[in-house]
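Spelled out, the chains give:
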Amino acid sequence: MFNLEMELHLPYTVDLSQYNQLTNADLAAHIDRMSVAIYDKNVQTDETKAENLAKVEE
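Residues numbered from 1 in each chain as written. Predicted model: local features only at pLDDT ≥ 70, side-chain atom pairs only at ≥ 80, totals over all residues. Heavy atoms only, no water.

S.K.: Mind showing me how you'd approach a nonpolar patch on the surface here?
M.R.: Where nonpolar side chains cluster on the molecular surface, the patch consists of Val36, Ile38, Tyr39 and Val56 and spans about 430 Å² of accessible area. With respect to the secondary-structure elements, Val56 resides in helix α3 (residues 46-57). Note on Val56: relative accessible area 48%, which makes it partly exposed. (Patch = residues over 30% accessible without salt bridge, like charges linked within 9 Å, V, L, I, M, F, W, Y side chains within 5 Å. Areas by Shrake-Rupley, 256 points an atom, 1.4 Å probe, with all protein chains shown as cover. Salt bridge = Lys/Arg side-chain N within 4 Å of Asp/Glu carboxyl O. Helix = DSSP H or I, 4+ residues; strand = E, 2+ residues; numbered from the N terminus. Buried < 20%, exposed > 50% of the residue type's maximum accessible area, 1.4 Å probe, protein only.)

S.K.: Would you take a moment to explain the confidence of the model for the chain for this structure?
M.R.: Predicted coordinates in areas of low pLDDT are best not read in detail. Model confidence for the chain is summarised by a mean pLDDT of 76, while 69% of its residues fall at 70 or above. The least confident element of the chain, judged by mean pLDDT, is helix α1 (residues 4-8) at 61; the most confident is helix α2 (residues 25-34) at 92. (pLDDT = per-residue confidence, 0-100.)

Below you can see the structure in the form of structure tokens.
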């Protein structure tokens with residue numbers, strides 16, 4: 001089994017889930033409310049990067 005933390009030596013713990021396959025409505029609602037996009041392959045301007053970094057640093 002691939003362990004993201006051990007293999008990539010990232011300083012963060014992450015939980016990767018496919019949003020469209022979530023069956024827990026409360027979890028999906030929480031993600032909708034609290035999540036911060038750190039990358040969007042369709043839109044990634046310098047302004048978007050700065051906004052997202054500011055949210056993460058809060």
